[in-house]
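Working through the structure, step by step
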Amino acid sequence: MNNNKKLWGILAVGLIVGFVVAYITADIGEKKGEQIALASANMAGISDDDPRFTTWGKAFPEHLDSYLKGANYEPVPTKFGGNLSYNKLDRFPQLVRMWAGYPFSVDFNEERHHFYIQSDQMKTARNNKDLLNSAGLKAFGGQPTACMNCHSGWTKWLIDNVAGGDFVKFNSAKYWTMIKNVPTMDNQAPDSKEHTGLHGGTRMGLTCADCHSPNDMSLRLTRPALIEALVDRGYEKDAKQGIKASRQEMRTLVCAQCHVEYYFKSTGSKVATMGESIASNPNAKWLDGSQKTYEQIDYWRDGNKPTEVTVDGLTLAFPWSEWKKGEPFRIEMLDDYYDKVREKFPQDWVHKETKAPMIKIQHPETEFASGGIHAQNGVSCADCHMPYTRGGAKKITSHEFTSPLRDVNAACKSCHAQPEEYLKAQVYSIQTSIASMQRSAEYAIVSLIEDIKNVRAAMGNLAKYQTDGKADDKKISAALKEVLELHRKSQMRADFVNAENSTGFHNPTEAARIMGQSIAMAKEGQGLLVVLAQKDGITITPSNLGFKEIQKYAPGLLRYPADMDGHKKGDIYYDEHDEKDVNRAPAKDLLELDENLAPYNYKKIIKPLTSAK
């Protein structure tokens, strides 16, 4: 009898193991099947000479349908993201003061799909010289082409065919100059909607060729900045892929071409690059009367032609040399890096109110996620954000480029056995916890900014901080050097978690550590400021601004600050018809959530977790 039980037990285990092996084998087979299908598909017409996704999509219609499906989702905000491009300065007005003196303080919206990123970059007020001049930001001379690395599906083509493969020459030109060189295709007129549109024209966002080889659709890196940064970290170059890495690694590294912190590094020398003949037209002036050097439109017209100009060379660089291969990233690595290059790159901008030399962090998902539990267990970006789904009768990698929460079954439950609602609730719990610390850090930083502003004004009235009877900013900044350094590093940390697009989910323990540092540094800065002010007989009570006080900085919808581009002063900047969902006010429930995050109101925040089964 016992022998029979053992036999049946062994048989049962065998059946279970066989089923699991069969399932895994079938799943792997289907995934390999997609790769075989991609490699053996009809490649006619696919090449780097034509990177348009409409062209490549003819050979891969299921993948194109998936991409366009993601682009055409109804715009909907989520608690901490979504695809509705609402006005984030109106939701988080603390950013207006944190970024004072920098273009992001004028225009900052929730990002949309990869499909729109070039169009949004061309429209943003941060790329409108007249608007920046009118907003008191004349120091910013127009975005360089370096900004295009993460926005245009034509980037590789332009580097190869316009800049002659010279990455410095490409980056050093003006954004609006380089975009004029996108070729007209299919006999399109330069000023046609087709050429200046989203589906392959100058406003085309990222596309297949950015991540895939036209020869066999294998993954590759097309952005030189990432390749150089990875070499600095200890990777080897590879002629085909860009660097030597497994396919699973590549499923993260292709995303790292853009989802990273970066800066514009000076080459320390002059470079010959493309300019525009409009610079020699004495009648071509910006609204403030200064000479135009480029025209803010995406095609050559009215006699404006490409010329050669000599400018200060710059290149796109990632601050990664302190982050070695195989290590999780830590925020202190940015401290060390930017301190080492401070003589050549002292800051992204000088804060308008505190005069601190500031670093503006961009979207550092790659760095941040590297130490998270998913990355540490070999999970790639694509595993969650591009899960395997059905495309008609085929199983394909989703190219919707969206949140895993849109399809938890495909994105999460291949690894997690818990119910969908439980997994969603866990994400909400993590994000609200990190967002609470994030808001606390931002409010502490704005309080520090307020105090520094007041102390600077008081110091400016003292003769020892004056030159020729006027406040001398350099003397005041020298006296407040330690406080300004705390402002710089505290804000860099808050910016890091703010700019990273998961509200802490990719690495919640590191997010909490970073936010804890940010709060401590801001408070330390306030305490030190009190001590320094007292030495000069200045008495100050540290500020403690919160949600309600900070709401007064909310700018409302972006409007033209002067008559320009056929619009009157006060007109809404983003068109109410073509861009009806862009820069609009955030939903009231989002503001209600934010009001209850710091201090944390558990009665309104906590969402009961469904018990895992």
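Let me begin by describing the structure that accompanies this report.

1. Examining the nonpolar core
If you look at the biggest cluster of nonpolar residues, it comprises 107 residues, and the most contacted ones within it are W99, L221, I243, F318 and F496. The element best represented in this core is helix 18 (residues 420–459), accounting for 11 residues. Apart from residues lying up to four places away in sequence, L221 is in contact with L226, I227, L230, Q241, I243, M250, L253, V254 and Q257. Ranked by size, the runner-up nonpolar core spans 11 residues in total, among them A125, L137, L558 and Y574.

2. Some points on a nonpolar patch on the surface
On the surface, Y600, Y602 and I606 cluster together to form a nonpolar patch covering roughly 330 Å² of accessible area. Within the element layout of this structure, Y602 appears in helix 24 (residues 602–605).

3. Considerations on the state of the cysteines
The tally for this structure, following the rule as stated, stands at 0 disulfides. Left unpaired, C381 is separated from the closest cysteine sulfur, that of C255, by 4.3 Å. Here C412 is not cross-linked by a disulfide; its sulfur's nearest cysteine counterpart is in C384, at 6.5 Å.

4. Quick look at helix 23 (residues 588–595)
Among the residues of helix 23, L590, L593 and D594 are the ones counted as buried. All buried residues of helix 23 lie within an arc of 95° about the axis, which places them on one face of the element. Tucked into the core, helix 23 has its buried residues touching strand 1 (77–78), helix 4 (88–91), helix 18, helix 22 (547–550) and helix 24.

5. What about a negative patch on the surface?
A contiguous patch of negative charge, built from D563, D571, D575, E576 and D578, is present on the exposed surface. The topology assignment puts D571 in the loop between helix 22 and helix 23.

6. Some remarks on unusual backbone geometry
In this chain, A598 is followed by P599 through a cis amide linkage whose omega measures 0°. As for its placement among the helices and strands, P599 is situated in the loop between helix 23 and helix 24. Positive phi is not limited to glycine here, since F401 has a value of about 50°. In this structure F401 comes out as partly exposed when scored by relative accessible area, which is 27%. A positive phi angle, near 50°, is found at T503, a position not held by glycine. Considering the arrangement of structural elements, one finds T503 in the loop between helix 20 (481–499) and helix 21 (508–535).

7. Describing helix 11 (residues 224–233)
Buried within helix 11 are the following residues: A225, L226, I227, A229, L230 and R233. Among the structural elements, helix 9 (167–172), strand 3 (237–238), strand 4 (242–243), helix 12 (247–253) and strand 6 (306–317) are those in contact with the buried residues of helix 11. Backbone geometry just downstream of helix 11 places G234 in the positive-phi region, at approximately 120°.

8. A word on the environment of Q418
Considering the arrangement of structural elements, one finds Q418 in the loop between helix 17 (408–411) and helix 18. For the pair Q418 and A256, spaced 162 residues apart in sequence, the C-alpha to C-alpha distance is 30 Å.

9. A look at the packing of aromatic side chains
Within the structure shown, the criterion is met by 27 aromatic pairs. Seen in terms of ring centroids, W99 and F108 are 5.0 Å apart; in terms of plane orientation they differ by 80°. Their pairing is edge-to-face. Pair check on accessibility: W99 and F108 agree, each one buried. With centroids separated by 5.6 Å and ring planes inclined at 70°, the aromatic side chains of Y263 and Y338 adopt a geometry described as edge-to-face.

10. Here we look at the environment of P561
Following the sequence through the fold, P561 ends up in the loop between helix 22 and helix 23. For P561 and D571, which are 10 residues apart along the polypeptide, the C-alpha to C-alpha distance reads 8.5 Å.

Conventions we followed
Residues numbered from 1 in each chain as written. Predicted model: local features only at pLDDT ≥ 70, side-chain atom pairs only at ≥ 80, totals over all residues. Heavy atoms only, no water. Core = buried A, V, L, I, M, F, W, Y, C linked by side-chain atoms within 4.5 Å. Buried < 20%, exposed > 50% of the residue type's maximum accessible area, 1.4 Å probe, protein only. Helix = DSSP H or I, 4+ residues; strand = E, 2+ residues; numbered from the N terminus. Contact = heavy atoms within 4.5 Å. Patch = residues over 30% accessible without salt bridge, like charges linked within 9 Å, V, L, I, M, F, W, Y side chains within 5 Å. Areas by Shrake-Rupley, 256 points an atom, 1.4 Å probe, with all protein chains shown as cover. Salt bridge = Lys/Arg side-chain N within 4 Å of Asp/Glu carboxyl O. Disulfide = S-S within 2.5 Å. Arc of directions from axis to C-beta. Lys, Arg positive; Asp, Glu negative; His and termini not counted. Charge placed at Lys NZ, Arg CZ, Asp CG, Glu CD. Phe/Tyr/Trp six-rings, centres within 6.5 Å; stacked < 30°, edge-to-face > 60°.

Everything listed here is a matter of geometry and, on its own, says nothing about what the molecule does.
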